[in-house]
Amino acid sequence: MTMHRGRVRWHCRRALLELDIVLTRFLERDFDQLSDAQLVDLQDLLNLEDHDLWAMVNGSTECSEARWMPFLGMFRESGRESTIDNKG
Amino acid sequence: MKVAKRSYDAVIVGAGGAGLRAALQLSEAGLKTAVLTKVFPTRSHTVAAQGGVAASLGNSTEDNWHWHMYDTVKGSDWLGDQDAIEFMCKKANEVVVELEHYGMPFDRLDNGKIYQRPFGGHSQNYGKTPVSRSCAAADRTGHAMLHALYQRNVRANTQFFVEWMALDLIRDADGDVVGVTAMEMETGEVSIFHAKATIFATGGAGRIYYSSTNAFINTGDGVGMAARAGVPLEDMEFWQFHPTGVAGAGVLITEGVRGEGGILRNSSGDRFMERYAPNLKDLASRDVVSRAMTTEINEGRGCGTDKDHVLLDITHLSPDTIMKRLPGIREISIQFAGIDPIKAPIPVVPTCHYQMGGIPTNYKGQVVAPKDGNASSPVAGFYAAGECACASVHGANRLGTNSLLDLLVFGKSAGETVVEDIKSGNLSLKALPEDAADLALARMARLENQTNGTDVHEVRLAMQRTMQKHAGVFRFSDLLKEGVTKIMEVAEQAKHTQIKDKSKVWNTARMEALELDNLIEVAKATMTSAEARKESRGAHVRDDAPDTAEFPNGRRDDEWLKHTLWYSEGNRLDYKPVNLQPMSEDVDPIALATRTY
Ligand SMILES: Cc1cc2nc3c(=O)[nH]c(=O)nc-3n(C[C@H](O)[C@H](O)[C@H](O)COP(=O)(O)OP(=O)(O)OC[C@H]3O[C@@H](n4cnc5c(N)ncnc54)[C@H](O)[C@@H]3O)c2cc1C
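Small disclaimer: the values here were computed from a predicted structure and weren't measured.

Caption draft 1: Inspection of the overall build of chain B at higher detail. When you go through chain B residue by residue, the secondary structure sums to 16 helices and 22 strands. For 597 residues, the compact-globule estimate of 2.2 N^0.38 gives 25 Å, and chain B sits close to it at 23 Å. Each principal axis of the C-alpha distribution contributes one length, and for chain B these read about 65 × 60 × 50 Å. Classification of the 597 residues of chain B by burial places 62% in the buried group. Sequence-distant contacts, at least 24 apart, represent 73% of the contacts inside chain B between residues at least 6 apart. Summed over its atoms, the accessible surface of chain B is roughly 21,200 Å², and 49% of this surface lies on carbon and sulfur atoms. Each charge sign in chain B was given a centre, from 65 positive and 76 negative side chains, and these centres are 3 Å apart.

Caption draft 2: The arrangement of the site of the ligand in detail. Residue and element names in this part refer to chain B. The immediate surroundings of the ligand are formed by 39 residues, with Ser 44, Thr 46, Gly 51, Glu 387 and Leu 404 found nearest. Lys 38 places a main-chain nitrogen or oxygen 3.2 Å from an oxygen atom of the ligand. Side-chain polar atom of Thr 46 to an oxygen atom of the ligand: 2.4 Å apart, as the coordinates give it. Going through the elements one at a time, helix 1 (17-28), strand 2 (33-37), strand 7 (164-171), strand 14 (346-355) and helix 11 (402-423) are the ones with two or more residues in the shell around the ligand. The leading source of residues in the shell around the ligand is helix 11, at four residues. When its residues are assigned to classes, the shell around the ligand shows 15 nonpolar, 20 polar and four charged.

Caption draft 3: Here's a closer look at the interface of chain A and chain B. Between chain A and chain B, the contact holds 37 residues from the first and 43 residues from the second. Our count for the contact surface shared by chain A and chain B stands at three salt bridges. Residue Asp 50 of chain A pairs with Arg 43 of chain B through a salt bridge whose shortest N-O separation is 3.5 Å. Here chain A is connected to chain B by 11 residue pairs in polar contact (both at pLDDT 80 or more). Among the elements of the structure, helix 1 (5-10), helix 2 (17-30), helix 4 (50-57) and helix 5 (69-81) of chain A are those that each provide at least two residues to the side of chain A that touches chain B. Among the elements that take part in the side of chain A that touches chain B, helix 2 of chain A stands out by supplying six residues, more than any other.

Caption draft 4: Focus on the pairing of strand 13 (residues 310-313) of chain B. Residue and element names in this part refer to chain B. Across three bridges, strand 12 (residues 263-265) lies against strand 13 in antiparallel orientation. Looking at the pairing, Leu 264 lines up with Leu 312 of strand 13. Taken together, the three bridges between strand 13 and strand 14 define a ladder with antiparallel strand orientation. When the bridges of strand 14 are listed, Val 310 appears paired with Val 348.

Caption draft 5: View of the state of the cysteines. Scanning the entire structure with this criterion turns up zero disulfides over all chains. There is no disulfide at Cys 63 of chain A, and the cysteine sulfur nearest it, in Cys 12 of chain A, is 16 Å away. Unpaired in terms of disulfides, Cys 89 of chain B finds its nearest cysteine sulfur in Cys 135 of chain B, a separation of 13 Å. Residue Cys 89 of chain B is classed as buried on the basis of its relative accessible area of 1%.

Caption draft 6: Representation of the sheet that holds strand 12 of chain B. Residues and elements named next belong to chain B. If you walk across this open sheet you meet the four strands as 11-14-13-12, and the pairing is antiparallel. Each edge of the sheet is formed by a strand with only one pairing partner; in this case those strands are strand 11 (239-246) and strand 12. Within the sheet, the average angular offset between the axes of one strand and its neighbour, ignoring direction, is 45°. Across the sheet, helix 8 (residues 286-298) touches strand 11, strand 12, strand 13 and strand 14, and the angle it forms with strand 11 is around 65°.

Caption draft 7: Structural detail: the environment of Leu 439 of chain B. Topologically, Leu 439 of chain B is positioned in helix 12 (residues 438-449). When the C-alpha positions of Leu 439 of chain B and Ile 170 of chain B are compared, they lie 8.6 Å apart, and in sequence the two are 269 residues distant.

Caption draft 8: The arrangement of the sheet that holds strand 4 (residues 116-124) of chain B in detail. Residue and element names in this part refer to chain B. Spatial ordering of the open sheet is given by 3-5-4, a layout of three strands whose pairing is antiparallel. Both outer strands of the open sheet, strand 3 (53-54) and strand 4, are each paired with one neighbouring strand and no more. Relative to strand 5 (residues 129-135), strand 3 runs antiparallel, the two sharing two bridges. Paired with Ala 54 across the strands is Ser 134, a residue of strand 5.

Caption draft 9: Representation of the nonpolar core within the structure. Membership of the largest hydrophobic core comes to 121 residues, with the highest contact counts inside it found for Phe 26, Leu 42 and Phe 75 of chain A together with Leu 264, Phe 336, Phe 410 and Val 418 of chain B. Counting residues per element, this core draws most heavily on helix 11 of chain B, at 10 residues. Non-local contacts of Leu 42 of chain A, meaning those with residues more than four positions away in its chain, are made with Val 8, Phe 26, Phe 31, Leu 34, Phe 71 and Phe 75 of chain A. Within the second largest apolar cluster, 82 residues are counted, among which are Leu 167, Leu 447, Trp 506 and Met 511 of chain B.

Caption draft 10: Main features of a nonpolar patch on the surface. Residue and element names in this part refer to chain B. Residues Leu 280, Leu 283 and Tyr 597 make up a contiguous nonpolar surface patch of about 300 Å² in total accessible area. Note that Tyr 597 resides in the segment after strand 22 (572-577). On the basis of relative accessible area, Tyr 597 is assigned to the partly exposed category, the value being 47%.

Caption draft 11: Layout of the side chain of Asp 20 of chain A. Looking at the secondary structure, you find Asp 20 of chain A in helix 2. The buried charged residue Asp 20 of chain A lacks any salt bridge, with Arg 13 of chain A as its nearest oppositely charged partner at 5.8 Å. A polar atom in the side chain of Asp 20 of chain A sits 3.0 Å from the backbone nitrogen of Arg 14 of chain A. Separated by 2.7 Å, the side chain of Asp 20 of chain A and the backbone nitrogen of Phe 216 of chain B make a polar contact. For Asp 20 of chain A, the contacting residues outside a window of four places in its chain are Cys 12, Arg 13 and Arg 14 of chain A together with Ala 215, Phe 216 and Ile 217 of chain B.

Caption draft 12: A look at the packing of helix 2 of chain A against helix 4 of chain A. Residues and elements named next belong to chain A. One way to put it is that helix 2 packs onto helix 4 with a least axis distance of 10 Å and a crossing angle of 55°. By the angle between their directions, the pair helix 2 and helix 4 is classed as oblique. In the packing of helix 2 onto helix 4, the handedness of the crossing is left-handed. Along its contact with helix 2, which presents Glu 18, Leu 19 and Val 22, the element helix 4 presents Asp 50, Leu 53, Trp 54 and Val 57. Of the residues contributing to the contact of helix 2 with helix 4, the split by class is five nonpolar, no polar and two charged.

Caption draft 13: Region of interest: the pattern of salt bridges. All names here are of chain B. For the structure on display, the rule yields 60 salt bridges over all chains. Taking the shortest distance from any N to any O, the salt bridge between Asp 71 and Arg 133 comes out at 2.8 Å. One end of the pair, Asp 71, is in helix 2 (residues 65-75); the other, Arg 133, is in strand 5, with 62 residues separating them in the sequence. Between Glu 255 and Arg 286 there is a salt bridge, with the nearest N and O atoms lying 2.9 Å from each other. In this pair, Glu 255 sits in the loop between strand 11 and helix 6 (256-259) while Arg 286 sits in helix 8, placing the two residues 31 residues apart along the sequence. Each member of the pair, Glu 255 together with Arg 286, is buried.

Parameters at a glance
- Residues numbered from 1 in each chain as written.
- Chains lettered and ligands numbered in written order.
- Predicted model: local features only at pLDDT ≥ 70, side-chain atom pairs only at ≥ 80, totals over all residues.
- Heavy atoms only, no water.
- Helix = DSSP H or I, 4+ residues; strand = E, 2+ residues; numbered from the N terminus.
- Rg over C-alpha atoms; globule rule 2.2 N^0.38 Å.
- Buried < 20%, exposed > 50% of the residue type's maximum accessible area, 1.4 Å probe, protein only.
- Contact = heavy atoms within 4.5 Å.
- Areas by Shrake-Rupley, 256 points an atom, 1.4 Å probe, with all protein chains shown as cover.
- Lys, Arg positive; Asp, Glu negative; His and termini not counted.
- Charge placed at Lys NZ, Arg CZ, Asp CG, Glu CD.
- Near = heavy atom within 4 Å.
- Polar contact = N/O pair within 3.5 Å; in protein donor to acceptor, adjacent residues only side chain to side chain.
- Nonpolar A, V, L, I, M, F, W, Y, C, P; charged D, E, K, R; others polar.
- Salt bridge = Lys/Arg side-chain N within 4 Å of Asp/Glu carboxyl O.
- Pairing = 2+ DSSP bridges.
- Disulfide = S-S within 2.5 Å.
- Axes fitted to C-alpha atoms, helices over the stretch in contact; angles between N-to-C directions.
- Core = buried A, V, L, I, M, F, W, Y, C linked by side-chain atoms within 4.5 Å.
- Patch = residues over 30% accessible without salt bridge, like charges linked within 9 Å, V, L, I, M, F, W, Y side chains within 5 Å.
- Parallel < 35°, antiparallel > 145°, perpendicular 65-115°, else oblique.
- Left-handed = near helix turned anticlockwise from the far one by under 90°.

This is the structure:
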């Protein structure tokens with residue numbers, strides 16, 4: 001199954017500012033490099049509820065799927081680098 | 001260009017708390033109802049609300065709607081309409097209990113009743129002692145509310161159009177609203193939603209500011225669409241700034257941190273709130289704390305290399321307390337400030353949080369505007385609820401937990417009014433004007449064909465910086481004047497945005513450009529309304545309207561006890577009276593008084 005990149009990108013618009021920020025740099029820097037298979041994994045991760053996804057990003061709950069781990073790493077790094085000059 | 005048309009009894013734009021509550025009322029009454037939303041309903045920004053929803057259930061402490069009404073009027077600095085406030089406070093118990101019946105998992109007392117906790121500004125006995133009035137579902141109140149309402153809507157056959165972006169309002173020659181145009185993101189195609197009633201529930205526009213607690217989705221689309229269609233915007237100068245957003249990120253640090261003993265400090269480590277609010281100190285009301293912080297920063301006592309923030313210190317609390325009571329906060333601080341609050345204080349700044357103004361409505365959810373000498377004449381076919389609307393219950397300053405209540409009460413009320421208006425034959429499906437889609441198509445075509453244009457991200461940033469500098473926590477007459485000129489310049493740039501990617505399908509660049517058209521309307525309205533209001537009231541505080549014996553807090557009821565109405569066309573202002581008269585004889589008007597806590 002192929003995913004439309006723009007659609008997955010739109011699904012990075014979240015209900016929590018915390019997530020919008022950690023996704024900003026990720027979208028700028030890492031997103032375009034993802035393979036189609038990675039895109040499918042990312043879409044599954046993005047289907048999580050916002051609070052659950054944020055808890056995984058900040059490490060207060062464990063990541064339930066090994067294939068999501070690389071994304072969580074990229075999100076965390078992105079959040080650390082982001083300043084207020086975000087895309088919102 | 002041929003544009004597809006769909007017809008409904010009602011079309012609702014927005015699937016947050018307000019939109020879902022309104023939709024439920026309509027679908028359960030058997031009306032054919034469409035709900036348009038940019039994102040999946042349970043990803044609406046209502047999810048972010050944690051604190052709770054206000055209702056004078058009196059489960060934890062004695063309470064009644066009279067006290068709640070008093071607190072709300074006082075909180076609004078007497079700018080709220082007392083009929084709408086009476087209506088909201090009276091209806092609170094009903095809508096909260098209803099939500100409970102829809103399956104909302106409220107926290108409970110041992111006796112099984114809904115647990116309630118205290119919140120700033122809510123009191124017993126007309127301001128005497130704090131009251132427990134907030135009903136919450138752990139720290140996921142908004143999330144739980146949306147899920148309960150969404151499930152109920154699915155059961156009632158509400159038809160959802162997910163990932164559709166409404167573009168513009170359709171008004172006919174009489175000025176009546178007959179629907180909206182919208183773009184399906186998956187195809188990029190524009191359609192017309194033709195309806196007897198159109199309800200806007202599109203949320204706030206907190207992204208007009210550089211530093212905001214709001215998620216990126218809060219772009220004020222409904223407010224922008226209304227403005228472009230000639231509907232005035234009410235009281236847009238009033239924005240609530242939350243004292244503690246993480247500096248540089250904006251993410252909200254809840255008041256609970258100061259409740260647990262957190263202390264605000266300036267560059268010399270001084271607990272400055274002792275000077276501004278000797279009694280309540282760090283726990284004074286939001287506007288008081290935000291202004292004190294800003295004064296410290298403006299007078300050179302800010303922290304960091306740029307001296308642009310202050311510190312929220314909880315290092316004196318035991319790590320155990322922090323881990324147990326404030327776990328979410330620790331994670332936010334580590335992620336966004338790179339600081340473990342157990343070891344070092346968190347950098348914070350007052351951050352834009354909530355839009356008090358919006359599309360003017362009455363307590364029935366009907367959008368109202370001046371017409372033929374009536375300052376509040378309903379615009380036929382048009383309704384609004386939630387943060388995009390101004391009923392006006394929050395006036396110049398909103399109390400925490402009153403927004404979720406506003407969504408439920410006025411979402412339901414707008415729904416009820418539409419049901420009545422349709423059943424009584426007041427509303428029918430009026431013919432679509434020939435040019436129904438022209439406004440939206442022209443905006444799309446402009447974007448398509450723009451050459452040598454401006455960059456969306458840069459224009460948005462220029463807007464955000466201008467708003468932050470010229471219409472922030474404290475307002476200065478010269479900065480405001482300059483701000484009006486500057487924001488009009490930025491608005492000019494916004495008319496010429498250009499996107500590189502012209503693809504039709506899932507084009508997020510196009511969506512962001514269209515959103516900017518809405519943000520800029522809100523920004524112009526805010527700056528212009530703020531420049532004109534030459535008094536201090538609630539969240540709007542000016543240097544040239546100081547606290548004096550004659551005019552305590554700088555409030556000028558003699559001249560400014562009135563609502564602002566801003567029109568996009570000509571950047572023009574008008575005013576209308578505040579309704580100081582409650583809805584019924586159950587309560588006397590709450591007389592004007594100085595707002596002190
Ligand atoms: C961090 C934070 C915490 C808060 N905590 C509390 C609290 O504890 N208690 C409280 O009372 N208030 C709280 N508030 C305020 C409150 O959460 C909001 O005012 C409220 O949730 C707004 O709800 P709404 O239904 O009006 O809009 P939203 O929930 O923002 O929903 C807007 C909807 O409109 C849709 N939409 C927007 N534009 C378009 C368009 N062009 N086309 C189609 N659809 C569109 C969106 O997709 C979404 O579905 C908080 C706010 C923040 C930022």
